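Overview (structure and organization)
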Amino acid sequence: MIGDGFGPAMATFTRTLKGSPLAIDGYVIGTVSTKSANRLITDSAAAATAMATGVLTKNRGIGIFENGTAAGTILEAAIEAGVSCGMVVTSPIHHATPAGFSAHANSRYSEDFITKQQLQKGIKVMFGGGANYYNLPDNRLLAEEMGYHIINDTSQLNSTQLPALGVFAYDGLPFEVDRLNQPEQFKHVPSLLEMATRALELFKEEDNEKGFFLLIEGSEIDWAGHNNDPVAMYYESLQLDQTFEMVMEFAKKDNDTLVILTADHETGGLGIGYHYSNDPGDPYSWEPQVILKSKGSSEYIANKLLPLNGSLLYSTFTEYTGIIPSVEDKLELDNAKNFSEMYHAISLIVSKTARMGWTTDQHTAIDVNMVGYGPLVTHFCGNQHSNQIATKIANIFEWDLELITSRLRHFNTTP
Ligand SMILES: [Zn+2]
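Parameters and conventions
- In this numbering scheme, every chain counts its residues from 1 along its sequence in written order.
- Local features in this predicted model are restricted to residues of pLDDT 70 or higher, and side-chain atom pairs are both shown and tallied only at a pLDDT of 80 or more, whereas totals for entire chains, interfaces and linings draw on every residue.
- Neither water nor hydrogens contribute to the side-chain values; these are computed over all heavy atoms in the structure.
- UniProt positions are given in the numbering used here, feature names are shortened, and annotations may be inferred rather than shown by experiment.
- Only runs of H or I of at least four residues qualify as helices and only runs of E of at least two qualify as strands under DSSP, and these elements are numbered from the N terminus.
- Note that the radius of gyration is over C-alpha atoms, with the globule rule given as 2.2 Å times the number of residues to the power 0.38.
- Burial classes follow relative accessibility: with a 1.4 Å probe on protein chains only, a residue under 20% of its type's maximum area counts as buried, one over 50% as exposed, and anything between as partly exposed.
- Only heavy atoms matter for contacts: two residues are in contact if any of them lie within 4.5 Å across the pair.
- Per-residue and other accessible areas follow the Shrake-Rupley method at a 1.4 Å probe size, with only the shown protein chains counted as cover for residues.
- In this tally, Lys and Arg are treated as positive and Asp and Glu as negative; His is ignored, and so are the chain termini.
- A charged residue contributes its charge at one atom only: NZ of Lys, CZ of Arg, CG of Asp or CD of Glu.
- Donor criterion used throughout: N, O or S atom within 2.8 Å of the metal, extended to 3.2 Å for Na, K and Ca. Water excluded; incomplete-looking sites may result.
- Site shape is set this way: if four donors have all angles between 85 and 135 degrees, tetrahedral; if opposite donors are over 155 degrees apart and all others between 65 and 115, square planar for four donors and octahedral for six; otherwise irregular.
- These domain limits were set by an automatic method or by a database of domain assignments.
- Buried area: the sum, over both parts, of the accessible surface (1.4 Å probe) that disappears when the two are put together.
- Note on definitions: salt bridges are taken to be side-chain nitrogens of Lys or Arg within 4 Å of carboxyl oxygens of Asp or Glu.
- Residues adjacent in sequence count toward polar contacts only when both atoms are side-chain atoms; beyond that, a polar contact is any pair of N or O atoms within 3.5 Å, and within protein one must be able to donate a hydrogen and the other to accept it.
- Between rings of Phe, Tyr and Trp, where Trp is taken as its six-membered ring, a pair exists when centres lie within 6.5 Å; planes separated by under 30 degrees are stacked, by over 60 edge-to-face, and by other angles tilted.
- Buriedness for pockets is judged along seven lines, at least five of which must meet protein on both sides within 12 Å for an open set on the 1 Å grid over protein atoms alone, while cavities are sets there where a 1.4 Å probe fits but cannot get out, and lining residues have an atom within 4 Å of a point.
- Grid points are joined across faces, edges and corners, and a volume is the space filled by probe spheres set on the points.

- In the nomenclature of an unreviewed UniProt entry, the protein chain is known as Alkaline phosphatase of Arcella intermedia.
- Recorded under Catalytic activity (unreviewed entry), the UniProt text for the protein chain is reproduced unchanged: "a phosphate monoester + H2O = an alcohol + phosphate".
- Among the UniProt annotations of the protein chain, the heading Sequence similarities (unreviewed entry) holds the following wording: "Belongs to the alkaline phosphatase family."

Concerning the overall build of the protein chain
- The number of helices and strands found in the protein chain is 17 helices and 14 strands.
- In terms of overall dimensions, the protein chain is globule-like: its C-alpha atoms have a radius of gyration of 21 Å, near the 22 Å expected for 415 residues.
- C-alpha atoms of the protein chain, sized along the principal axes, occupy 65 × 45 × 45 Å.
- Out of the 415 residues in the protein chain, the part that is buried amounts to 57%.
- Considering only contacts in the protein chain between residues 6 or more positions apart, those separated by 24 or more positions represent 74%.
- For the protein chain, the exposed surface amounts to about 17,000 Å²; the carbon and sulfur share of it is 51%.
- With 28 positive and 49 negative side-chain charges, the protein chain shows a separation of 1 Å between the mean positions of the two kinds.

With respect to the coordination of the zinc ion
- Looking at the zinc ion, one finds its protein donor set to be Asp 222 (OD), Asp 222 (OD), His 226 (NE2) and His 363 (NE2), positioned 2.0 to 2.4 Å from the metal centre.
- Considering all four donor atoms around the zinc ion, the spread of angles at the metal, 56 to 151 degrees, places the coordination shape in the irregular class.

Quick notes on the environment of Gly 72
- Locating Gly 72 in the fold gives a position in the loop between α2 (44–53) and α3 (74–80).
- With relative accessibility at 1%, the residue Gly 72 sits in the buried group.
- For the pair Gly 72 and Lys 352, spaced 280 residues apart in the sequence, the C-alpha separation amounts to 45 Å.
- If sequence neighbours within four positions are ignored, Gly 72 has contacts with Ala 52, Thr 53, His 104, Leu 401, Ile 404, Thr 405 and Leu 408.

Things to note about the domain arrangement of the protein chain
- Splitting the protein chain by domain gives domain 1 (2–270 + 361–407) and domain 2 (287–354).
- Centre-to-centre, using C-alpha coordinates, domain 1 lies 32 Å away from domain 2.
- Taken together, the contact between domain 1 and domain 2 spans 19 residues of the former and 16 residues of the latter.
- It is Leu 17, Asn 227 and Val 231 that lose the most area in domain 1 upon contact with domain 2, and together they represent 36% of the buried surface on that side.
- If you look at where domain 1 meets domain 2, you find zero salt bridges.
- Our count for the contact surface shared by domain 1 and domain 2 stands at seven residue pairs in polar contact (both at pLDDT 80 or more).
- Secondary-structure elements contributing two or more residues to the side of domain 1 that touches domain 2 are α1 (8–18), α8 (176–181) and α11 (230–254).

Overview of unusual backbone geometry
- For the bond running from Leu 162 to Pro 163, omega is -10 degrees, close enough to zero to count as cis.
- By the secondary structure assignment, Pro 163 is in the loop between β5 (149–151) and β6 (164–167).
- Its identity is not glycine, yet Asp 207 carries a phi of approximately 55 degrees, on the positive side.
- Position of Asp 207 among the secondary structure elements: in the loop between α9 (192–206) and β7 (212–218).
- Residue classification places Asp 207 among the exposed positions, given a relative accessible area of 60%.

Describing the UniProt feature "active site" (unreviewed entry) in the protein chain
- Under the UniProt annotation, the feature "active site" (unreviewed entry) is placed at Ser 44.
- Take Ser 44: it is sitting in helix α2.

A word on the packing of aromatic side chains
- Within this structure, the stated rule accounts for twelve aromatic pairs.
- Aromatic pair Phe 212 and Phe 250: ring centres 5.8 Å apart, planes at 75 degrees, arrangement edge-to-face. Here Phe 212 is found in strand β7, whereas its partner Phe 250 is found in helix α11, with 38 residues between them in sequence.
- Using a relative accessible area of 16% as the deciding quantity, one classes Phe 250 as buried.

Observations concerning the layout of surface pockets
- In this model, the largest pocket occupies a volume close to 1,100 Å³.
- At the level of elements, α9, β7, α11, β8 (259–262) and α16 (386–397) are the ones that each hand at least two residues to the lining of the largest pocket.
- Considering every element that reaches the lining of the largest pocket, the biggest residue donor is α11, with six residues.
- Its boundaries defined by the atoms lining it, the second largest pocket holds a volume of some 400 Å³.
- Looking at the second largest pocket, it is lined by 19 residues, and the ones nearest its centre are Asp 43, Arg 108, Tyr 109, His 226 and His 363.
- No other element matches helix α10 (residues 221–226), which puts three residues into the lining of the second largest pocket.

So, the side chain of Asn 132
- Within the fold, Asn 132 resides in helix α6 (residues 131–134).
- Judged by relative accessible area, which is 16%, Asn 132 ranks as buried.
- What Asn 132 contacts, discounting residues up to four positions off in sequence, is His 94, Tyr 170 and Asp 171.

Regarding the UniProt feature "binding site: Mg(2+)" (unreviewed entry) in the protein chain
- Here the UniProt feature "binding site: Mg(2+)" (unreviewed entry) sits at Asp 4, His 95, Thr 97 and Glu 217. The annotated residues occupy 214 residues of the chain but converge on a single region, no pair of C-alpha atoms lying more than 11.3 Å apart. When only the residues just named are considered, the second largest pocket is lined by His 95.
- Tracing the sequence through the fold places His 95 in the loop between β3 (84–92) and α4 (96–102).
- Aside from chain neighbours lying at most four places away, what touches His 95 is Arg 108 and Trp 223.
- Topologically, Thr 97 is positioned in helix α4.

Okay, structure coming up:
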């Protein structure tokens, strides 16, 4: 399991706001450092490649060595060993993390190229977003040729069969906070928990004697981090934790499943505590409860606020966030002239009110948590680099990464 961008501060934040321990809390066993081959701060493509292949590559690279040749992934090696494989994500299925496990491309932005590879890989479950490429006529035809049962609505989830392809949004799935607050608008979109639950059921029903490998990603923790949006961040992180709880129930009953959960990197540089020398506020205050008053992500609220101005702008802001804007906040809202400026303004005001800070709207180099349970989980204790995760998994299950890499040596990673 991966929380894309899920840094240690997000766990503290989510636990505090939830008011009780997280499901992951009892299973934190180590940390993971995350740099890529060419940058101290990795992107999601190089990070996924590291975790999937054991290879440190350059940023933007998908399942490739630094020189651009293809590197075998643990998902491919598992399929080779007869294991049933699946990927459940909230981003588009062709997005960097799932792509790093299931495709080889010089650039993460070769999305059609990645989609076509994923469809021909023999992956038995793919649930997520990404209709922008998966619904293109030739890709749709390819999916049918590969025998996929194709669904696009929550109501079809429980009746679908293997191999299952569920594409529930044009791009990424809506943020969980928006899905929860707009049940009518997003009723066709399942949660990460619902998709992962069905994927496990399908593998349980199939009962492959070689077992299964399932990648579950809370993809949009990263997107909330890029937006510096603490509201979206909380609900995305909580959803990942609830999904982990469900997976743990399965693993404890099954008694022969290894579960690991980590992040590919941290996003946003979330800092809990926000005070400067000229700040009259309490230097040790943190007010996360304000997050719970918000009725949507910064992006969702920005769409509502953008056409408004003056007192209607301020009162609508209050209606959605529960915050009465100060003179300074009003200026932030007035100055936001486009969608991006507006959601950044909302994120800033909500974060400041909660007394939380962000160092960047990109990724950071801080180590992330390693969480694990099950047979041989001690292999993942202590600090490790992200690429060691792939080699450890391959060694434990005797999945042959080198065989896959040698077969791929003439594969052209540029479309
Ligand atoms: Zn990112």
